[in-house]
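Coordinates in review
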Amino acid sequence: DTEVTQTPKHLVMGMTNKKSLKCEQHMGHRAMYWYKQKAKKPPELMFVYSYEKLSINESVPSRFSPECPNSSLLNLHLHALQPEDSALYLCASSQGPTGGSGNTIYFGEGSWLTVV
Amino acid sequence: RKEVEQDPGPFNVPEGATVAFNCTYSNSASQSFFWYRQDCRKEPKLLMSVYSSGNEDGRFTAQLNRASQYISLLIRDSKLSDSATYLCVVNGPGGFKTIFGAGTRLFVKA
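Rules used in this analysis
Residues numbered from 1 in each chain as written. Chains lettered and ligands numbered in written order. Predicted model: local features only at pLDDT ≥ 70, side-chain atom pairs only at ≥ 80, totals over all residues. Heavy atoms only, no water. Helix = DSSP H or I, 4+ residues; strand = E, 2+ residues; numbered from the N terminus. Salt bridge = Lys/Arg side-chain N within 4 Å of Asp/Glu carboxyl O. Buried < 20%, exposed > 50% of the residue type's maximum accessible area, 1.4 Å probe, protein only.

What about unusual backbone geometry?
Residue Pro8(A) is bonded to the preceding Thr7(A) through a cis peptide linkage, with omega at -10°. Relative to the assigned elements, Pro8(A) resides in the loop between strand 1 (4-7) and strand 2 (10-13). Phi at Arg41(B) is positive, roughly 65°, even though this residue is not glycine. Position of Arg41(B) among the secondary structure elements: in the loop between strand 4 (32-38) and strand 5 (45-50).

Here it is as structure tokens:
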């Protein structure tokens, strides 16, 4: 079972709504990630936090706003999304590149987002 | 050229068959390499890390050739439960930017 937990598992939101996806890990990892995955496609990296600081933003539209309140928590705030943003949003964590095991990434079960 | 390229699928094999997946990556400065497995509507799960010396875990063997920028996964004695999508994953320079190949779908049939 995954030690990265995501809530909610399913979310339906309107294009004018504001909602948030939440992620928590209890492995003492120092890096946390958001990925987006569309059907029959691989996960696409959105954001990386290292030691609670944003280290990578893959040119994600500003309607997605990440937040890392502490080393165990990661949020993704959603506002004014479009129907094409409907996807599986995966949170992940890792020890980081210097943590040994080659920065193995562990995923949560994901949040299925539908924008209507 | 894509940063990580995998064999196009799907692979349809009978139980007991041996199947090999290949993957190439474009950035020679890539740092670490993995195979993940993803079942339908589930999250990707680590199958194994890949090292230049090769590594084996039961029926699964992974190999990295840095000179050719090539990664492979061999599954022996395929089981029905091996049916899934297999994702080749590469960590780029700096170690955080993790790039997934498009995935290869495997169907193992009785």
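Overview of the pattern of salt bridges
Tallied over the full model, the rule gives eight salt bridges over all chains. Across the pair Lys97(B) and Glu58(A) runs a salt bridge whose closest N-O atoms are separated by 3.4 Å. Taken together, the residues span two chains, with Lys97(B) in the loop between strand 9 (84-91) and strand 10 (98-100) and Glu58(A) in the loop between strand 6 (53-57) and strand 7 (64-70). When the shortest N-O distance is used, the salt bridge between Arg76(B) and Glu56(B) registers 3.4 Å. Of this pair, Arg76(B) sits in the loop between strand 8 (70-75) and strand 9 while Glu56(B) is found in strand 6 (residues 55-57), placing the two residues 20 residues apart along the sequence. Relative accessible area serves as the criterion here: at 27%, Arg76(B) is assigned to the partly exposed category.

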